[in-house]
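# A structural walkthrough
Next come the chains, spelled out residue by residue.
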Amino acid sequence: MMSERNLNIAVLAMFIGIPAWAYFSDEPFTITLMTRAAIFALAAVGLNLALGVGGLVSLGHAAFFGLGGYVMGILAYHAQTYTPLAEWPFLVEGTKSMPVIWLASLLLSAGLAWVIGSLSLRTTGVYFIMITLAFAQMMFFFSISWSAYGGEDGLSIYVRNNFPGLNTLDPIQFFAICFVILLAALFLSARLAKSPFGLALNAARQSPQRVETVGLNTQRLKLVAFVISGAITGLAGALFADLNRFVSPTMFSWQLSGEIMVFIIIGGVGRLFGPVVGALVFVALEHFLGGLSEFWHIYLGLLLLLIVLFGKGGLIGLICGREKVHD
Amino acid sequence: MTDPVLATHGLTKTFGSLVASEDVSIDLKPGEIHAVIGPNGAGKTTLIAQICGTLTPNSGRIELAGVDITGRPTRARALAGLGRTFQISALAMEDTVLENAVLGALGATGNPWRFFKPALKNIELREVAEQALHRVGLDDVMSTRTAELSHGQRRQLEVAVALTLQPRAFVMDEPMAGLGSEGSKVLTEFLSELRSEAPILLVEHDMDAVFALADRISVLVYGKVIATGSVDEIKRDEAVREAYLGDDA
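Residues numbered from 1 in each chain as written. Chains lettered and ligands numbered in written order. Predicted model: local features only at pLDDT ≥ 70, side-chain atom pairs only at ≥ 80, totals over all residues.

## Regarding the sheet that holds strand E9 (residues 200–203) of chain B
Residue and element names in this part refer to chain B. Strand order in the open sheet formed by 6 strands is E7-E8-E9-E4-E10-E11, with mixed pairing between adjacent strands. Edge strands, defined here as strands with exactly one partner in the open sheet, are strand E7 (82–85) and strand E11 (224–229). The mean angle between the axes of side-by-side strands here comes to 15 degrees, regardless of whether they run parallel or antiparallel. The pairing of strand E10 (residues 216–221) with E11 spans 5 bridges and is classified as antiparallel. The partner of Ser-218 across the bridge, within E11, is Thr-228. The strands touched by helix H1 (residues 44–52) within the sheet are strand E4 (33–37), E7, strand E8 (169–173), E9 and E10, with E8 carrying the most contacts at an inclination of about 145 degrees. (Pairing = 2+ DSSP bridges. Helix = DSSP H or I, 4+ residues; strand = E, 2+ residues; numbered from the N terminus. Axes fitted to C-alpha atoms, helices over the stretch in contact; angles between N-to-C directions. Contact = placed C-beta atoms within 7 Å.)

In structure tokens:
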């Protein structure tokens, strides 16, 4: 069995090696694919905090992914049309600056996650799954009916947003931005899982009664986890919209919520690199099998079935066995 | 007379027409072990659930150190100084023994909002946790997964987690259940010393342990306390013999 640490290093090496190879052999499309994988991974790193550590099966994370996308779309749309976003109570202008857009996506997604979380966390189990799904569907239909921002057709942004000192239209540079953000999110999520907060959240998933008995508020622990989780997925949404220079209601769709969850299940629920492995495998299948047949999802389904049946810890569980204990 | 650390006053709880607790008034004084015994279905677990906050009584009050805690949630009672152990272990099974104890230490600080530094590298949390584990004799299995512990070790860990809270009063729901004779002997000795630190309200089926440990015993039958007194008084009590102990006691 391979150690989980070595597997993680191998996955990171692929994330650096493949785009580097593509850059030198002039294959920009491969770089774009890897960027897509990095962004999906980031979205799933967000969900993994809620799902893997906190045990919150959210089938509505597209709400945050889509919100991040629309934050980028709306800010950039106002910047490219030179129209203010709001004039009252104070002037808000659009922007093409990535850091500003990221900050807005993080904050607004966190806010939305707080609202959705406060209401959904009153329920558990299948009701929690359904209520999170319902919130994401509300966002979906809201975006369809909001014609000011393209309604069903979505919004096109002509030029990718700017990052100080970089040419974001160069695929390898935009990849680097997304990859560094993914690394940062992985680092934070690794720290968080081992932190006192992570310990308490992890215990709240296994034995809420115990956590209450030592004087901690399980609901609040879960809500905070949900907010951090939603914020990270929202940031991924802003990057995804920037990758495509396009945002549409599809980003709010329940299929997307499902896909984010599928990444985690393929890779390994609660494993640090589970979302990364899952997103990588998904994008690879989408690319190679999608070229062969329109119905490539059948094979994805088959893979998912095999993993769920034979490897409870996802691919990482199959390759590395059970998670090591912390000491 | 000293004031009780923990007291219930006229606690009544009904489920439909079933009266699970009827006017239960018991108290726990500093330095004592007060055992609650009674046949199955007598309402012992219901009583504990009300004291610890998982059930709300229909009427009556619960006081901890003179403060009314009746309406407070479980976590507030824990912070006010109630250390509970469960009948069926409610530990985080995937976590290690040390992690479970650190969770208790973390709960006692009241501040889980620390997101960056590893919990197990926090010297204060770790010291409290390791000391508690040492006291119950679990030093050797600190980095073992809780699921891999024996039944008796889980009981010990339950007690260790309660110790990390440094409570004013312990409420223990059948800590001896499922322990072998050797195990329950060790735990009996340990609890006997523990009472000087904080009094223990002990619900227990193991009569040998109860008679060896208890300063006072209350007998619960059909939700009512039919007798309270010292071990000898209870052993001699006619009503208790009839209801519960049988002639051979």
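Read on, since the account is not over.
## Observations concerning the packing of helix H2 (residues 28–53) of chain A against helix H10 (residues 254–267) of chain A
Residues and elements named next belong to chain A. One way to put it is that H2 packs onto H10 with a least axis distance of 9 Å and a crossing angle of 75 degrees. As far as their axial angle goes, H10 and H2 are roughly perpendicular. Two secondary-structure elements touch here, H2 through Phe-40, Ala-43, Ala-44, Leu-47, Asn-48, Leu-51 and Gly-52 and H10 through Ile-260, Met-261, Phe-263 and Ile-264. Partitioning the contact of H2 with H10 into residue classes produces 9 nonpolar, 2 polar and no charged. (Parallel < 35°, antiparallel > 145°, perpendicular 65-115°, else oblique. Nonpolar A, V, L, I, M, F, W, Y, C, P; charged D, E, K, R; others polar.)

## So, the interface of chain B and chain A
Of the residues lining the interface, 34 residues belong to chain B; the matching set on chain A comes to 24 residues. Here the element with the most residues in the side of chain B that touches chain A is helix H3 (residues 97–109) of chain B; it accounts for 7 residues. Class assignment of the residues belonging to the side of chain B that touches chain A gives a composition of 19 nonpolar, 7 polar and 8 charged.

## A word on the environment of Gly178(B)
For Gly178(B), the position within the fold is in the loop between E8 and helix H6 (181–194). Linking Gly178(B) and His151(B), residues 27 residues apart in sequence, is a C-alpha distance of 7.1 Å.

## Looking at the domain arrangement of chain B
Residue and element names in this part refer to chain B. Segmenting chain B into domains produces domain 1 (1–81 + 167–249) and domain 2 (93–166). Distance between the C-alpha centres of domain 1 and domain 2: 26 Å. Counting from both sides, the interface comprises 11 residues of domain 1 and, opposite them, 11 residues of domain 2. At the level of elements, helix H2 (74–80) and H6 are the ones that each hand at least two residues to the side of domain 1 that touches domain 2. A per-element tally of the side of domain 1 that touches domain 2 places H6 first, with 3 residues. Here the residues of the side of domain 1 that touches domain 2 are counted per class, giving 8 nonpolar, 3 polar and no charged. (Domains from an automatic or database assignment.)

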